[in-house]
Amino acid sequence: MPPGPAARPADAPAGLADRYGRRATDMRLSLTDKCNLRCTYCMPAEGLEWLAKQAVMSAEEIVRIVRIGVDRLGVRELRLTGGEPLVRHDLVEIIAALRSNHPDLPISMTTNGVGLAKKAAALKAAGLTRINVSLDSLHEETFTKLTRRPFLDQVLAGVDAAWAAGLGPVKLNAVLMRGINDAESPSLLAWALDRGYELRFIEQMPLDADHGWTRRNMITAAEIRSLLSVDYVLSPDPRARDGAPAERFEVRRRAAGSAEAQGPVLGTVGIIASVTEPFCSDCRRTRITAEGKIMSCLFSREEYDLLGLLREGASDDALAERWQDAMWVKPKAHGMDHVGLDAPDFVQPDRSMSAIGG
Ligand code: SAM
Ligand code: SF4
């Protein structure tokens, strides 16, 4: 449902501004709700009911929406996501069309890496800037338990192929699950540091379709830092965070039997603490789901239909206005850090992560 006409005042700032002085410049666009993995923290084992093909944005519609975002609304960065973006057959064509319209726009993609080895070079040639690959475990059995699919080798080959194709710096996303892969966190970091990949740990958010998330069971950012501190000393990265969701740390080896660091900086690690240390006050994101709905926040319970309006023949002006109206009412914060998150008043959004576009 669109916000009422009075919602955004006539003298509201330009671009994708909201009532709290933030401006969204970072666009997350979902290319599909479909996926070939079934990560336990995201999808149910049996999958979800996929959207009908005609309900999903076509390549032309995506290109038009991105053009409006970039040319009229101040979008400065685009991240393609899903579902799994690699399952879209026209992915390379979409990226090529976006690149041709926006020669300088940073365009990155978040993928589970299945099938990436075969496509990395074509994605780079089409104009993709950079890639994030999700990788929760380096152990076949744990990977398969978490994703419910035996594709670890494919993902590892995909990560290496992306780096070789020039899609670096390669960032790796890992969600830690208690008793499953949390103990693996230092070795996952060692593996990433050895290869020059930037690992980011993401706190598990209550966005799983199975509604199995609990506050008590999730691994917090503080726990992640403590797990890593057995082998490493982390110190805040001096570079400005600049609206990035991940808090970055420089990593050095811990001297044996000491709290002190030893040797040079080995690389960086990021922690995305959306639950316990949220960064809502500096959020710069605007999201478009695969069926062209605007979401101002991962936890929004309100969505605003951009694709429907586009298909009714709306002008670029009208589409830009709908987008601005939707962002104007972006909530101040998602409130997930409240102590009583397991309390009955916390309402998990209807959509799971894969259906929003994480
Ligand atoms: N399929 C692609 C992938 O897995 O990278 C892109 C979409 S996925 C929804 C984007 C990111 O969201 C992944 O890094 C995934 O680990 C993360 N994610 C999914 N469900 C999550 C949850 N409940 N809490 C935190 N992160 C989650
Ligand atoms: Fe698929 Fe990504 Fe969700 Fe895993 S996290 S089920 S790969 S959309």
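Right above here is the structure, for reference.
Residues numbered from 1 in each chain as written. Chains lettered and ligands numbered in written order. Predicted model: local features only at pLDDT ≥ 70, side-chain atom pairs only at ≥ 80, totals over all residues. Heavy atoms only, no water.

(A) Just the sheet that holds strand E12 (residues 285-288), in detail. The mixed open sheet is built from 12 strands, whose spatial order is E9-E10-E11-E8-E7-E6-E5-E4-E3-E12-E13-E14. Of all the strands in the sheet, just strand E9 (232-236) and strand E14 (304-305) have a single pairing partner and so form its edges. (Pairing = 2+ DSSP bridges. Helix = DSSP H or I, 4+ residues; strand = E, 2+ residues; numbered from the N terminus.)

(B) Spatial organisation of the site of ligand 2. Within the structure, ligand 2 sits among Cys35, Leu37, Cys39, Cys42, Met43, Gly83, Asn112 and Ser354. The residue inventory of the shell around ligand 2, partitioned by class, reads 5 nonpolar, 3 polar and no charged. (Near = heavy atom within 4 Å. Nonpolar A, V, L, I, M, F, W, Y, C, P; charged D, E, K, R; others polar.)

(C) Summary view of the packing of aromatic side chains. Applying the stated criterion across every chain, the model contains 1 aromatic pair. When the ring of Trp191 is compared with that of Tyr197, the centres are 5.9 Å apart and the planes differ by 50 degrees; the resulting orientation is tilted. The exposure class of Trp191 is buried, given its relative accessible area of 14%. (Phe/Tyr/Trp six-rings, centres within 6.5 Å; stacked < 30°, edge-to-face > 60°. Buried < 20%, exposed > 50% of the residue type's maximum accessible area, 1.4 Å probe, protein only.)

(D) Highlighting the nonpolar core. Core analysis: the largest hydrophobic core is formed by 100 residues, its most contacted members being Leu29, Leu172 and Trp323. Ranked by residues supplied to this core, first place goes to helix H1 (residues 59-73) with 8 residues. Those residues in contact with Leu29 that sit more than four places away from it in its chain are Met57, Ile62, Val66, Leu78, Arg79, Leu80, Thr81 and Ile288. (Core = buried A, V, L, I, M, F, W, Y, C linked by side-chain atoms within 4.5 Å. Contact = heavy atoms within 4.5 Å.)

(E) Geometry of the packing of H1 against helix H2 (residues 91-101). The interhelical angle for the contact between H1 and H2, taken along N-to-C directions, is 30 degrees, at an axis separation of 10 Å. Relative to H2, the element H1 lies roughly parallel. In this structure, H1 meets H2 at a crossing whose hand is right-handed. Packed against H1, whose contacting residues are Ala59, Ile62, Val63, Val66 and Arg67, the element H2 presents Ile94, Ala97, Leu98 and Asn101 at the interface. For the contact of H1 with H2, the per-class residue count stands at 7 nonpolar, 1 polar and 1 charged. (Axes fitted to C-alpha atoms, helices over the stretch in contact; angles between N-to-C directions. Parallel < 35°, antiparallel > 145°, perpendicular 65-115°, else oblique. Left-handed = near helix turned anticlockwise from the far one by under 90°.)

(F) Seen up close, H1. Taking 1.5 Å per residue as the helical rise, H1 with its 15 residues ought to reach 21 Å, and the 20 Å between its terminal C-alpha atoms agrees with that figure. Along H1, the positions that sit buried rather than exposed are Ala59, Glu61, Ile62, Val63, Ile65, Val66, Ile68, Gly69, Val70 and Leu73. Among the residues trailing H1, Gly74 stands out with phi positive, at a value near 80 degrees. (Expected span 1.5 Å × (residues − 1).)

(G) The arrangement of the side chain of Lys330 in detail. Summarising the element assignment, Lys330 is placed in the loop between helix H9 (316-328) and helix H10 (353-356). Of the buried charged residues, Lys330 lacks a salt bridge, with Asp18 as the closest side chain of opposite charge at 5.5 Å. Excluding its chain neighbours within four sequence positions, the residues that come into contact with Lys330 are Asp18, Arg19, Tyr20, Arg22, Cys283, Arg285 and Ser296. (Lys, Arg positive; Asp, Glu negative; His and termini not counted. Salt bridge = Lys/Arg side-chain N within 4 Å of Asp/Glu carboxyl O.)

(H) Examining the site of ligand 1 more closely. The environment of ligand 1 is made up of 19 residues, and the closest members are Tyr41, Gly83, Ser134, Asn173 and Met205. Within the contact set of ligand 1, a nitrogen atom lies 2.8 Å away from a backbone nitrogen or oxygen of Met205. Summarising the interface, the protein chains cover 95% of the accessible area of ligand 1, which totals 540 Å² for the free molecule. Within the residue set of the shell around ligand 1, elements represented by two or more residues are strand E5 (107-111) and strand E7 (171-175). Its residues placed into classes, the shell around ligand 1 shows 7 nonpolar, 10 polar and 2 charged. (Polar contact = N/O pair within 3.5 Å; in protein donor to acceptor, adjacent residues only side chain to side chain. Areas by Shrake-Rupley, 256 points an atom, 1.4 Å probe, with all protein chains shown as cover.)

(I) How the structure looks around H9. Helix length check: H9, at 13 residues, gives a terminal C-alpha distance of 18 Å against a target of 18 Å (1.5 Å per residue), a fit within 8%. Burial analysis of H9 places 10 of its 13 residues in the buried class, the great majority of the element. Among the residues of H9, Asp316, Leu319, Ala320, Arg322, Trp323, Gln324, Asp325, Ala326, Met327 and Trp328 are the ones counted as buried.

(J) Quick look at the pairing of E12. Along E12, one buried face is formed by Arg285 and Arg287 and the opposite face, lined by Thr286 and Ile288, is buried too. As paired elements, strand E3 (residues 26-30) and E12 share 4 bridges and run parallel to each other. Within E12, the residue paired with Met27 across the bridge is Thr286. Sheet analysis places E12 next to strand E13 (residues 293-295), joined by 2 bridges and oriented antiparallel. When the bridges of E13 are listed, Arg287 appears paired with Met295. Remark: 4 residues form the turn of the hairpin made by E12 and E13, two consecutive strands paired antiparallel; Gly292 in that turn has positive phi of roughly 70 degrees.

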